[in-house]
Each structure stands twice: as structure tokens, then as C-alpha cells.
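Observations on the model geometry
Listed below, chain by chain, are the residues.
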Amino acid sequence: MKDYPAIGERLYRRVLPNGLTVLVVPRPGFTRKSAYFVTNFGSLHTDFRFKGKEYHAPAGVAHYLEHKMFDLPGHDVYPEFAAMGASANAFTSHDLTAYYFTTTHHFADCLRLLLTFVSTPYFTEETVEKEREIIGQEIDSNLDYPDSVSFDSLMEEMYRKHPLHVPILGTRETIAEITPEWLHLCHEAFYAPANMVLCVVGDVDPESVLALAAEALGEERKEVGEKLPFPAEPADCPFGPRHIPMDVAMPMFQMGFKLPAPKDGPEAIRLEILGDLATEALFGESSRLYLRLYEEGIIDSSFGGGCESVDGAAMVLCSGDSRQAEQIREDILAENQRLCREGIPEEAFLRIRRSALGHRIRDLDSFEGTCYRLCAYALSDYDYFNFPELYASLTEEDLRKFLEDSIRRDNCSMTILDPIDKEEP
């Protein structure tokens, strides 16, 4: 058990003989309990080596697998969670897949069910084929969501080699190649306990969680698939913008600045924190640029941004609704040059850093958010609760160097969704 006085947290961490990392954050007095069971396998990880053989799986296989894991022989686990008063769900991201539940009753039974169904592969030709059309409809539906279209299109522009240019769900063509054999293979390669993290937040006994996990998953340490390196990605990207006609009320834009691939551990979260500080200094709600653009009616409350990092890639993003997207891009580039030239006053830098740290600490109030971040960073072998030390170590010079290196014309791409002209009847 380790205490973190700076954030008022306590964390229990143990690695089982089977390789599973177990994290428990005790929250005495709370009736709510959350559990995340996460595997280090996401949409990016289609190329891997397992048991001496290389595989190149179809895009979308991680998400397809997530859908099928809720099936057990003869029954669906969703109603079982509901019968115990629990809310359960799952999601697939670019670099992980998470299964989770939140409950106020029957916690041990819910945790046992979570561990059991995620570790039990059950795929038949009939059920896999049935799921294909369901996921196909989800893919089609995403083409009607402006946010999804905007982000996926931007990734296509920015990344030519890295698999970020392929949507998490894959495409109709790629999911047509997914078979029960592919699902079994990916489950065997990446759903081994040594490739997974279990995190629980709530008024629970850590030793009981540990014992239940050991009972449900056994002690055998199984082989884990080896992810093949991503292709080398060019540092630059098309300046654009790329225009896409869509049924939107007014133009929507998404802009990204491609960053070098982050390393694991502290380097990844340091990059994420610096990126968030940079966006706050450049165009945060209290920045000079934001206030000017807002007063001139160029942006509205939809405008914002931050830093995103995934396995092998990172970027600074901003988006919003505006009829002057290209002007916003030029203003951001000009403001960045000014900040790099003049520097950021110490008082302003400290205010930005305190505000960002405060937001991150307040985010710990969310049980689900705490579980997710602890798991995500544990997969990179980093203790997330150490983030206050990283904030304290950052200086104005670190931030200015990040702005100089990262916010440039040659690593910037943009997509704009343009309203479709509709003829009057």
C-alpha cells in the first residue's frame, strides 16, 4: 500500500503469479464501487508475432472481439449484471480494450462475472456472422456523426504509415475478413493476464480483490503476443485544409499538429501534460487569442483542444464551429510565434500549471475515470498517481521549447466539414 499525500490517495498494487497487475484504490465510506479489466490490445495492434509466427489481422478486430466477449455459452452477461443492480459496458480505443462495471451491491459476484466472461472466449460461425452486420451498421452510422467524420478524416490526412489512419471500427471491407479463428487467435495472444490490468476503486478489501482475481484466472502465466513495430511515420503532413461536404448547420473544423512518437512511462504523460499546458497558453479560455477570437465572433463555446497520445503517436488537437477556420489556424501559428519570441510571464505560467493540476486532481473524483487512467498508464509501466511530481518539474522554458518544436506549419493538418448546399423546394 502506498500513500500519495499530494492528492490524498492510497493505492494497493500487486502482480499475481499469472502476471496480472491488480490495482485497488480504497475509498472508505462510499457505497459505489467501480472495476476496470483492461487488456493492452487496441485497434492499432493488428500486426503481431505469436508462438513463432507473424500475423496481420484485419482492421477492426479488437473492436469486433470486444463485441463478442459478452457472449457466453447459452447466455448474455448484460442481463446478469443488470439483475445484480450493476451497470456494465466496454470500449475499444486505439491502444487498449476495457471492460468495466459500476455497482453498489453484489460487488464480489459482479467482479467474478467480469473476470470470467472476459477470460472465456466463445465464438461460433453463427454468432460472429450475426455480429458482422451489427458492426457494419455501427460503421455506417459513424459516417453520419460529424465528430467521427472530422476526427477520422484528420487522422487520414496526418498519418500515412501509422495505423491511426484506419478507424477503430475498421471498415465494411476489413470486418468482412474477421472469422472466429481470428477472434480466438487475438484473444489467446492478448487476453493473457500478463497483458492485462485489473483496477478497483471503492470501499473494498484489497486482499479480497486479489484472492478473487487469483481464483477466477488461475496461476498459469501464459505467452503474450509480441506487437510488431509500427512503420516509420514522416514528421510532416499535408497542410490542407481537406474539405468534406456534410449535413451540418455551419462549418466544423478539426486541426492537428503531429508530434514525435512518445516513449512509455513518465515520458508519455509528460508529453500529454506539456501539450495540455501549451493549448491552454495558446488558445485556452483565459488566453489572449481566445478572448480576441471570441469577441470578434470567429469562435464560439464549441472551440477547444488538448493533447492526445496513443501507442506510437501523439498530437495537439483543436476543433470547433467556425466560418473562418483557416484564419483561426493562421492566428494560432502567429500567436505561437509571439509566445516563443516573447516568452510566457512567470505568473501566467504558474497560473496555467496550477489550473491544469487542479483539473487533473478533480478528475479523480470520478471512480471510472480514476480506474481508466490508472490502467492506461500501468500498461506503460507508470504509476499515474505520481503526476503532481511531473507538474512540479515543468518550467516555462519546457513549455516554450514544446511550443517551438511542436506548433509548426509543416506538421499541421486540417479538415473542414462544409454544409451541403440545399436547393429551395
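Residues numbered from 1 in each chain as written. Predicted model: local features only at pLDDT ≥ 70, side-chain atom pairs only at ≥ 80, totals over all residues. Heavy atoms only, no water.

1. Focus on the overall build of the protein chain
Across its full length, the protein chain carries 15 helices and 17 strands. Against the 2.2 N^0.38 benchmark of 22 Å for 425 residues, the protein chain shows a C-alpha radius of gyration of 23 Å, consistent with a compact globule. Dimensions of the protein chain along its principal axes, counting C-alpha atoms only, are 60 × 60 × 45 Å. In the protein chain, which comprises 425 residues, the proportion classed as buried is 53%. Taking as baseline every contact in the protein chain between residues at least 6 positions apart, the subset at least 24 positions apart corresponds to 81%. (Helix = DSSP H or I, 4+ residues; strand = E, 2+ residues; numbered from the N terminus. Rg over C-alpha atoms; globule rule 2.2 N^0.38 Å. Buried < 20%, exposed > 50% of the residue type's maximum accessible area, 1.4 Å probe, protein only. Contact = heavy atoms within 4.5 Å.)

2. Focus on the environment of Arg 112
Mapping Arg 112 onto the fold places it in helix α3 (residues 107-118). The exposure class of Arg 112 is partly exposed, given its relative accessible area of 31%. Setting aside residues no more than four positions away along its own chain, Arg 112 makes contact with Leu 212 and Glu 215. There is a polar contact of 3.3 Å between the side chain of Arg 112 and the side chain of Asp 109. (Polar contact = N/O pair within 3.5 Å; in protein donor to acceptor, adjacent residues only side chain to side chain.)

3. Details of the pattern of salt bridges
The final tally for this structure, using the stated rule, is 33 salt bridges. A salt bridge links Arg 32 to Glu 368; the nearest nitrogen and oxygen atoms lie 2.4 Å apart. Here Arg 32 is found in the loop between β3 (21-26) and β4 (33-39), whereas its partner Glu 368 is found in helix α13 (residues 367-378), with 336 residues between them in sequence. On the basis of relative accessible area, Arg 32 is assigned to the partly exposed category, the value being 39%. With a shortest N-O distance of 2.8 Å, Glu 233 and Lys 258 are connected by a salt bridge. Note that Glu 233 is positioned in the loop between β12 (226-227) and β13 (242-246) and Lys 258 in strand β14 (residues 252-259), a separation of 25 residues in sequence. For Glu 233, a relative accessible area of 23% translates into the label partly exposed. (Salt bridge = Lys/Arg side-chain N within 4 Å of Asp/Glu carboxyl O.)

4. Some points on the sheet that holds strand β15 (residues 304-310)
The strand order across the open sheet built from five strands is β13-β17-β14-β16-β15, with neighbouring strands paired in mixed fashion. Only two strands of the sheet have a single neighbouring strand rather than two, namely β13 and β15. This sheet shows a mean twist of 20° between the axes of neighbouring strands, independent of strand direction. In the packing of helix α9 (residues 266-283) onto the sheet, contacts are made with β14, β15 and β16 (313-321), and the angle to β15 comes to roughly 165°. (Pairing = 2+ DSSP bridges. Axes fitted to C-alpha atoms, helices over the stretch in contact; angles between N-to-C directions.)

5. Looking at the side chain of Glu 272
Take Glu 272: it is sitting in helix α9. Look at Glu 272 and you get buried, because its relative accessible area is 10%. A polar atom in the side chain of Glu 272 sits 2.3 Å from the side chain of Tyr 377. Here Glu 272 is in contact with Cys 307, Ser 309, Arg 360, Arg 373 and Tyr 377, once residues within four sequence places are set aside.

6. Observations concerning the nonpolar core
Counting residues in each nonpolar core, the largest one holds 69 residues, and the members touching the most others are Phe 253, Phe 303, Ile 332, Phe 385 and Leu 403. Examining the composition of this core, we find that nine residues originate from one element, α9, more than from any other. Apart from the residues lying within four places of it in its own chain, the contact partners of Ile 332 are Met 255, Phe 257, Leu 282, Phe 283, Leu 289, Phe 303, Cys 318 and Ile 407. Val 22, Leu 65, Leu 183 and Phe 190 belong to the second-largest nonpolar core, a separate cluster that totals 59 residues. (Core = buried A, V, L, I, M, F, W, Y, C linked by side-chain atoms within 4.5 Å.)

7. Things to note about helix α8 (residues 206-217)
For α8, built from twelve residues, the straight-helix expectation of 16 Å at 1.5 Å per residue is met to within 8% by its first-to-last C-alpha distance of 17 Å. Just beyond α8, the residue with positive phi is Gly 218, at close to 75°. (Expected span 1.5 Å × (residues − 1).)

8. Observations regarding the packing of α9 against helix α12 (residues 346-362)
The interhelical angle for the contact between α9 and α12, taken along N-to-C directions, is 120°, at an axis separation of 10 Å. Relative to α12, the element α9 lies oblique. Crossing angle aside, the handedness with which α9 passes α12 is right-handed. Contacts between α9 and α12 involve Ile 269, Glu 272, Ile 273, Asp 276, Leu 277, Glu 280 and Ala 281 on the former and, on the latter, Ile 352, Arg 353, Ala 356 and Arg 360. (Parallel < 35°, antiparallel > 145°, perpendicular 65-115°, else oblique. Left-handed = near helix turned anticlockwise from the far one by under 90°.)

9. Regarding the packing of α9 against helix α15 (residues 396-406)
Running from N to C, α9 and α15 point in directions that differ by 85°, and their axes come no closer than 10 Å. The pairing of α9 with α15 is recorded here as roughly perpendicular in orientation. Along its contact with α9, which presents Arg 270, Leu 271, Leu 274, Gly 275, Leu 277, Ala 278, Ala 281 and Leu 282, the element α15 presents Asp 398, Leu 399, Phe 402 and Leu 403. When its residues are assigned to classes, the contact of α9 with α15 shows nine nonpolar, one polar and two charged. (Nonpolar A, V, L, I, M, F, W, Y, C, P; charged D, E, K, R; others polar.)

10. Some details on the pairing of strand β5 (residues 47-50)
Working note: regular strand, side chains alternate between the two faces of the sheet. What you see with β5 is a clean split: Phe 48 and Phe 50 sit on the buried side and Asp 47 and Arg 49 on the side with no burial. Judged from the four bridges that link them, β5 and strand β6 (residues 53-56) form a sheet pairing that is antiparallel. Along β6, the bridge assignment pairs Phe 50 with Lys 53. In sequence, β5 turns back onto β6 through a hairpin of two residues, with Lys 51 there showing a positive phi of about 55°. The pairing of β5 with β12 spans two bridges and is classified as antiparallel. Across the sheet, the residue bridging to Arg 49 is Glu 226, located in β12.

11. Some words on the packing of aromatic side chains
Per the stated rule, a full pass over the model turns up 25 aromatic pairs. Between Tyr 290 and Tyr 294, the aromatic rings sit 5.9 Å apart at their centres with planes inclined by 10°, giving stacked as the arrangement. Of this pair, Tyr 290 and Tyr 294 both sit in helix α10 (residues 288-295), four residues apart, which is roughly one turn of the helix. By relative accessible area, Tyr 294 is classed as partly exposed at 45%. Aromatic side chains Tyr 290 and Phe 303 sit 6.1 Å apart centroid to centroid with 45° between the ring planes, which places their arrangement in the tilted category. With Tyr 290 in helix α10 and Phe 303 in the loop between α10 and β15, the pair connects residues that are 13 residues apart, well separated along the chain. Note on Phe 303: relative accessible area 6%, which makes it buried. Counting every residue linked through ring pairs, the aromatic cluster contains Phe 70, Tyr 78, Phe 81, Tyr 99, Phe 101, Phe 107, Phe 117 and Tyr 191. The lysine or arginine in question, Lys 258, covers the ring of Tyr 159, its NZ or CZ lying 5.0 Å from the ring centre. Sitting above the plane of the Phe 239 ring, Arg 329 keeps its charged end 3.7 Å from the centroid. (Phe/Tyr/Trp six-rings, centres within 6.5 Å; stacked < 30°, edge-to-face > 60°. Lys NZ or Arg CZ within 6 Å of the ring centre and 35° of its normal.)

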